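What follows is the residue order along each chain.
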Amino acid sequence: MKQRDEASAACKWVTSWTASAQGPYPAGSPLAQPDLSFAFPAPDTGARDQSFRLILRPDLWGPQARLRLCNAFGLQPVAFDGVHVGLQLGGAALVAGSNQRVTFGGRESVTVPPGGSVWSDPVALPFACEPDAAALAGRKLAVSLHVVGESGPMTWHAKALQTSYLTPPNAGSQGGREDELAFPFTSTSWYFLDAVDMLMPRDTRLIVALGDSITDGSGSTLNGDDRWPDILSRRLHAAFGQRVGIVNAGIGSNQVAGPADYSPHSPFRGGPKAVARIERDVLSLSGVATVIWLEGINDFSGNGNASMEAVAAGFAEGVQRLRAGIPGVRVIGATLVPALGSTAAAHGHEEQDRKRRALNGFIRTAGLFDAVLDFEAATLDAATGGMKAEFVPDGTVGGPGDGLHPNRAGYLAMASAIDPGLLLPLR
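Treat the numbers as computed from the prediction; the structure is a model and nothing was measured.

Draft legend 1. Up close: the overall build of the protein chain. Each helix and strand in the protein chain was counted, giving nine helices and 21 strands. Its C-alpha atoms give the protein chain a radius of gyration of 21 Å, near enough to 22 Å, the size a compact globule of 427 residues would have. When each of the 427 residues of the protein chain is scored for burial, the buried share is 56%. Accessible surface, the protein chain: about 15,500 Å² in total, of which carbon and sulfur atoms supply 53%. Of the side chains in the protein chain, 35 bear a positive and 41 a negative charge, and the two mean positions are spaced by 4 Å.

Set out below in structure tokens:
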């Protein structure tokens, strides 16, 4: 018993994956999304007696996990059962024998109230009994869950850039199956699940990347895991193994200071403003030691049209909340990449670029942050004032790109420009 207590005291929960809840489906900015009219005929009723198999890549592996189900933007209680977690084989198929049943307070079902979330009981992951094994690096979990009855409006994360799988309505609970035959439909979004924790050694440190679509990964490749936080993850693991992890709290179209009001009845596709979502998307996560904050370009778009001073004030408020909520947290600011000449709607104009450059000056010199990552320097074409030409062509769906979102080459340049010494030492 004493050895077991000592082993438990040597470990803690650390968030290994997250997907920031941004609103009720379909309010959001998904990419490469299939036609979902067969899976979800009516957004107001949402899922109806059907199962989800959500595919995600944990950044850290531990012998036990726990899951957080989220109904932040629902209008009614949602009942779940048949929740399982297993190791993805390919598509919706799982590695034989890996699928584990998940419980909540010892029960196989749970109801999440509107606006609420629920953590599961710890579940053992026998396939991760040696978390440092190279064979687990980059592998993906399949989290399956069944919605009992009708969900109503579904809390989701639109821009997953990862294929997940759905049963038809009225298909019942299918999460216990390890084959793929019950999951004919696909989606490039995540639903209801917003965090996965792993049981890790107490010295494990977590970095949260907080931001908008450039952190969420627009312009990278579907299922490619090559957003800039993904590439930074591989650099960190090469240097520090499993001692340091990073999770992605980006939301496409998110703003620092707007919108002023947000509700499930009147959603904005970018979700609540960053200052308002810090509690759920950063402070409520486990083991956070560092936050990298890259955001602001949407505040200066035609949809935001905020002043530089308002966004700077939002950063100041957000940093204050972070430091009050996580004593000793290291908060790192990142300069905004160029968007001058962008073809994206409401972006690319001279006034936006003037505000962007002014905000970058604030980020670099105001003394608000513990350190600064200069993503502008990594992506700027000094001759044009826009993004370097090789970073513009779109990697997600092909085509010429929009000059706002870097492609894979751009994200690689951003992540490669980061000095890990700015992120460490972590407390």
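From this point on, the discussion continues.
Draft legend 2. Structural view of the state of the cysteines. On inspection of all chains with the given rule, the structure shows zero disulfides. Free cysteine: C11, not disulfide-bonded; nearest cysteine sulfur from C129 at 14 Å. Given the relative accessible area of 25%, C11 is considered partly exposed.

Draft legend 3. Summary view of the sheet that holds strand β15 (residues 190-191). Reading across from one edge, β2-β12-β15 is the order of the three strands in this open sheet, with antiparallel pairing throughout. The open sheet terminates on both sides in strands that have one partner only, identified here as β2 (23-24) and β15. Note: strand β12 (residues 155-157) against β15, two bridges, orientation antiparallel. Bridging from a neighbouring strand, H157 pairs with W190 of β15.

Draft legend 4. Inspection of the pattern of salt bridges at higher detail. Scanning all chains against the criterion turns up 21 salt bridges. With its nearest N and O atoms 3.0 Å apart, the salt bridge here joins R357 to D353. With R357 and D353 both in helix α6 (residues 350-365), this residue pair falls four residues apart, about one helical turn. Across the pair R356 and E376 runs a salt bridge whose closest N-O atoms are separated by 2.8 Å. Here R356 is found in helix α6, whereas its partner E376 is found in helix α7 (residues 375-379), with 20 residues between them in sequence. Residue class for E376 comes out buried when judged on its relative accessible area of 9%. Here the salt bridges share partners, and the residues they tie into one network are R57, D59, K140, D225, R227 and D230.

Draft legend 5. Seen up close, the sheet that holds strand β17 (residues 205-211). Ordered in space as β18-β17-β19-β20-β21, the five strands form an open sheet in which the pairing is parallel. Edge positions in the open sheet fall to β18 (244-250) and β21 (371-373), since each of these has one partner strand only. Geometrically, the sheet is characterised by an average inter-axis angle of 25° between neighbouring strands, direction not taken into account. Helix-sheet contacts for helix α3 (residues 228-240) involve β17, β18 and β19 (288-294), and the interaxial angle to β18 is about 170°. Against the sheet, helix α5 (residues 308-325) contacts β19 and β20 (330-334), and its axis sits at roughly 170° relative to β19.

Draft legend 6. Local environment of helix α8 (residues 408-416). Looking at α8, one finds that the buried residues are G410, Y411, M414 and A415. Considered in projection along α8, the buried side chains sweep an arc of 130° and stay on one side of the axis. Contacts from the buried residues of α8 go to α2 (213-216), α3, β19 and α7. With a side-chain oxygen positioned 3.1 Å from the backbone nitrogen of A409, the residue opening α8 is N407.

Draft legend 7. Molecular detail of the packing of helix α4 (residues 274-283) against α5. One way to put it is that α4 packs onto α5 with a least axis distance of 10 Å and a crossing angle of 30°. Here α4 is positioned roughly parallel relative to α5, judged by the angle of their axes. Here the hand of the crossing between α4 and α5 comes out right-handed. Between α4 and α5, the contacting residues are V275, A276, I278, V282 and L283 on the first element and G314, E317, G318, R321, L322 and G325 on the second.

Draft legend 8. Structural context of the packing of aromatic side chains. Throughout the structure, instances matching the rule amount to 16 aromatic pairs. Taking the centre distance of 5.9 Å and the plane angle of 80° together, the rings of F315 and F369 count as edge-to-face. Of this pair, F315 sits in helix α5 while F369 is found in the loop between α6 and β21, placing the two residues 54 residues apart along the sequence. What makes F315 buried here is its relative accessible area of 0%. A connected cluster of aromatic rings, assembled from ring pairs, spans Y25, F40, F52, F80, W156, Y191 and F192.

Draft legend 9. Expanded view of the nonpolar core. If you look at the biggest cluster of nonpolar residues, it comprises 81 residues, and the most contacted ones within it are F40, F52, F80 and Y191. The greatest single-element share of this core, amounting to six residues, is contributed by α5. Contacts of F40, omitting those with residues within four sequence positions, involve Y25, G46, A47, Q50, F52, M154, L166 and Y191. With 26 residues, the next largest nonpolar core counts L232, I292, M387 and L423 among its residues.

Draft legend 10. Broad picture of the pairing of strand β4 (residues 64-70). The buried fraction of β4 is high, at six of seven residues. Where β4 and strand β10 (residues 123-124) come together, two bridges link them in antiparallel fashion. When the bridges of β10 are listed, Q64 appears paired with A124. By the bridge criterion, five bridges tie β4 to strand β16 (residues 193-201) in an arrangement that is antiparallel. The partner of L67 across the bridge, within β16, is V196. Of the strand pairs in this sheet, β4 and strand β9 (residues 117-119) are connected by three bridges, and their pairing is antiparallel.

Draft legend 11. Structural detail: unusual backbone geometry. In this structure, the amide linkage connecting Y25 to the following residue, P26, adopts the cis form with an omega of 10°. In this structure, P26 sits in the loop between β2 and β3 (48-56). Between G258 and P259 the backbone carries a cis peptide bond, its omega angle lying at 0°. Phi is positive for N170, which is not a glycine, with a value near 65°.

Criteria and thresholds
Residues numbered from 1 in each chain as written. Predicted model: local features only at pLDDT ≥ 70, side-chain atom pairs only at ≥ 80, totals over all residues. Heavy atoms only, no water. Helix = DSSP H or I, 4+ residues; strand = E, 2+ residues; numbered from the N terminus. Rg over C-alpha atoms; globule rule 2.2 N^0.38 Å. Buried < 20%, exposed > 50% of the residue type's maximum accessible area, 1.4 Å probe, protein only. Areas by Shrake-Rupley, 256 points an atom, 1.4 Å probe, with all protein chains shown as cover. Lys, Arg positive; Asp, Glu negative; His and termini not counted. Charge placed at Lys NZ, Arg CZ, Asp CG, Glu CD. Disulfide = S-S within 2.5 Å. Pairing = 2+ DSSP bridges. Salt bridge = Lys/Arg side-chain N within 4 Å of Asp/Glu carboxyl O. Axes fitted to C-alpha atoms, helices over the stretch in contact; angles between N-to-C directions. Contact = heavy atoms within 4.5 Å. Arc of directions from axis to C-beta. Polar contact = N/O pair within 3.5 Å; in protein donor to acceptor, adjacent residues only side chain to side chain. Parallel < 35°, antiparallel > 145°, perpendicular 65-115°, else oblique. Left-handed = near helix turned anticlockwise from the far one by under 90°. Phe/Tyr/Trp six-rings, centres within 6.5 Å; stacked < 30°, edge-to-face > 60°. Core = buried A, V, L, I, M, F, W, Y, C linked by side-chain atoms within 4.5 Å.

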